[in-house]
Number of protein chains: 2
Amino acid sequence: MSDDRGEATPGRRGGRGARERILRAADRLFYAEGINATGMERLTDVAQVSKRTFYQHFPSKNALVEEYLHRLDTIAAPPRERALARADLLPRDRLLALFADDPPAPTDPADPAGPADPAVGGRRLRGCPFHNAAVETAGTVPAVERAVIRHKAAFTRLLAETAQAAGAPDPAALGRQLAVLFEGATALATSLNDPAPLADARAAAAALIDTALTRPRRAG
Amino acid sequence: MSDDRGEATPGRRGGRGARERILRAADRLFYAEGINATGMERLTDVAQVSKRTFYQHFPSKNALVEEYLHRLDTIAAPPRERALARADLLPRDRLLALFADDPPAPTDPADPAGPADPAVGGRRLRGCPFHNAAVETAGTVPAVERAVIRHKAAFTRLLAETAQAAGAPDPAALGRQLAVLFEGATALATSLNDPAPLADARAAAAALIDTALTRPRRAG
DNA sequence: GTCAAGGTAGACCGGTCGTTGTACTTCTGT
DNA sequence: ACAGAAGTACAACGACCGGTCTACCTTGAC
């Protein structure tokens, strides 16, 4: 937050960007291999940063975890959630696109992180990074818990707004139900390491949406 | 599995049951605090067992994890899942009882495992132990992954059977959808540390069930 | 009483964790 | 050219990890 020395002087190339590499490595490793399972050795190795440099940018590993989560829902939304922002779809289709099983990001050409990506290799499904962080920390890190709650609330709110745009009589309720469905599809796909639940969730979502749009309103 | 020395000689008191205490401690700690977060020191301390004794019963911590998961879905089903077996309810109500938010076990008098339960103390929501194990191990322990898949498949099958008993035209599809809903309610409740999503899931389940029972059949 | 079986406590092992320290090497702006 | 920031390599710290070991106690059959 306070050591952004390159921000005010546009002429500089921004140093050598150790911090950015660290955050990129955290993005990959914390998500793919787990937060606890990722040691500092491996993290600094992947980030191509010495441990000393790491601790000049972050006071602790936990601080990096918090920044990792913070970036996830403020800077770059996961590709799946981005479906809700697609202007080329009707609101109802935006909601359903959440559960599409085709890869949502068709090779963004403006991403310079290319060479770092294919080294991962594993294509194992890993679910929601916020939920994973909550499970891994088991409530022992308040900042993580807060970040998770904030993200889930924002996502549910976004669903509710889209539900409202679709004309749902009780958009908040439909948004919450779709949030549960999405969470379940993600979690179950992770547990089974199989994306099949997404299709079931999509069918269920369609039924819920159509029911909500057809009938006037129901009591919870 | 193979060292049950007390089984053939009924005259003996069966030792002091170290193995059982170990498994009970694993039940509590692995679930409430996480598998990785639970060290052997703490585990043997809670089980009131010396480390030496532990390693006479289990070859490794991982072996205990596997046995812990194996017991969970063969010996004692979690209280919530037990709702599906209640004979006093109609099939449809059994499905909905899964999502009830009142404590499901009204002090079963025939359960000798009573004193172990309330000692947990922490009331933090922790979700599905199988899913948590899958997240914590991140696919690095094949036996865990197999146990998780087996459990989820059995649970989905049970849901489908109940859906069939309720008269659903495509019970397998409805079972899978309800499985996603349940997983989502559990996961979201964990992330938020708030049981509210269960109510949303219940409403969604009711809608899905009624839709399935009313309309003839839908394509996935 | 003896003795093996099964239990206990807890020091100890090598390894890894997150973290810090020492000493050295780039790069960059003036 | 030079100051100094930013980076590097790498040894080491204390703490804890899963796991092993020694030494002693308790029980029950003979």
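Residues numbered from 1 in each chain as written. Chains lettered and ligands numbered in written order. Predicted model: local features only at pLDDT ≥ 70, side-chain atom pairs only at ≥ 80, totals over all residues. Heavy atoms only, no water.

## Things to note about the overall build of chain A
(1) Moving on: Across its full length, chain A holds 9 helices and 0 strands.
(2) Moving on: For chain A, the N- to C-terminal ordering of α and β elements is α-α-α-α-α-α-α-α-α.
(3) Moving on: Taken over 220 residues, chain A has a buried fraction of 43%.
(4) Moving on: In chain A, the share of contacts with a sequence separation of at least 24, taken over all contacts with a separation of at least 6, comes to 64%.
(5) Moving on: For chain A, the computed accessible surface area is about 11,600 Å², with 54% contributed by carbon and sulfur atoms. (Helix = DSSP H or I, 4+ residues; strand = E, 2+ residues; numbered from the N terminus. Buried < 20%, exposed > 50% of the residue type's maximum accessible area, 1.4 Å probe, protein only. Contact = heavy atoms within 4.5 Å. Areas by Shrake-Rupley, 256 points an atom, 1.4 Å probe, with all protein chains shown as cover.)

## Quick word on the relation of the copies chain A and chain B
The pair of chain copies shares a relation made of a rotation about an axis and a shift along it.
(1) Moving on: At an RMSD of 0.0 Å, chain A and chain B line up after a rotation of 180 degrees and a shift of 0.0 Å along the axis. One copy is carried onto the other by what is essentially a two-fold rotation axis. Across chain A, the rotation axis passes nearest the C-alpha of G184 of chain A, at a separation of 1.6 Å.
(2) Moving on: Comparing contact sets, 95% of the residues at the interface of chain A also lie at the interface in chain B, consistent with an isologous, same-surface contact. (Least-squares fit on C-alpha atoms with pLDDT ≥ 70 in both.)

## Concerning the side chain of H151 of chain A
Residue and element names in this part refer to chain A.
(1) Moving on: Relative to the helices and strands, H151 is located in helix α7 (residues 142-165).
(2) Moving on: Residue H151 is classed as buried on the basis of its relative accessible area of 7%.
(3) Moving on: Not counting residues within four places of it along the chain, the set of residues in contact with H151 comprises D73, E81, C128 and F130.

## A few points about empty space enclosed by the protein
(1) Moving on: For the structure on display, the rule yields 6 cavities of 30 Å³ or more.
(2) Moving on: When its volume is computed, the largest cavity comes out at roughly 50 Å³.
(3) Moving on: Every residue lining the largest cavity is listed: A134, T137, G139, V144 and E145 of chain A together with R124, T190 and S191 of chain B.
(4) Moving on: Within the residue set of the lining of the largest cavity, elements represented by two or more residues are α6 (129-137) and α7 of chain A together with α8 (171-192) of chain B.
(5) Moving on: Taken together, the residues of the lining of the largest cavity sort by class into 2 nonpolar, 4 polar and 2 charged. (1 Å grid on protein atoms, 1.4 Å probe; cavity = no way out; pocket = protein on both sides within 12 Å on 5 of 7 lines; lining within 4 Å. Points joined across faces, edges and corners; volume = space filled by probe spheres on them. Nonpolar A, V, L, I, M, F, W, Y, C, P; charged D, E, K, R; others polar.)

## Observations regarding the interface of chain A and chain B
(1) Moving on: In this complex, chain A contributes 39 residues to the contact, which on the side of chain B involves 39 residues.
(2) Moving on: A combined buried area of about 3,600 Å² lies between chain A and chain B, and 62% of that area is made up of carbon and sulfur atoms.
(3) Moving on: When the buried area of chain A at its contact with chain B is split by residue, V135, V180 and S191 of chain A rank highest and sum to 16% of it.
(4) Moving on: Linking chain A with chain B are 4 salt bridges.
(5) Moving on: Our count for the chain A to chain B interface comes out at 10 residue pairs in polar contact (both at pLDDT 80 or more).
(6) Moving on: Elements supplying a minimum of two residues to the side of chain A that touches chain B: α1 (18-33), α6, α7, α8 (171-192) and α9 (196-214) of chain A.
(7) Moving on: For the side of chain A that touches chain B, the residue count by class is 19 nonpolar, 10 polar and 10 charged. (Buried area = accessible area lost by both parts, 1.4 Å probe. Salt bridge = Lys/Arg side-chain N within 4 Å of Asp/Glu carboxyl O. Polar contact = N/O pair within 3.5 Å; in protein donor to acceptor, adjacent residues only side chain to side chain.)

## A few points about unusual backbone geometry
(1) Moving on: Here the phi dihedral of N193 of chain A falls at roughly 55 degrees; this positive angle occurs in a residue that is not glycine.
(2) Moving on: Exposure remark for N193 of chain A: the relative accessible area of 30% places this residue in the partly exposed category.
(3) Moving on: Although it is not a glycine, Q48 of chain B sits at a positive phi angle of roughly 55 degrees.
(4) Moving on: Secondary-structure assignment places Q48 of chain B in the loop between α2 (40-47) and α3 (51-57).
(5) Moving on: Looking at Q48 of chain B, the relative accessible area reads 62%, which means it is exposed.

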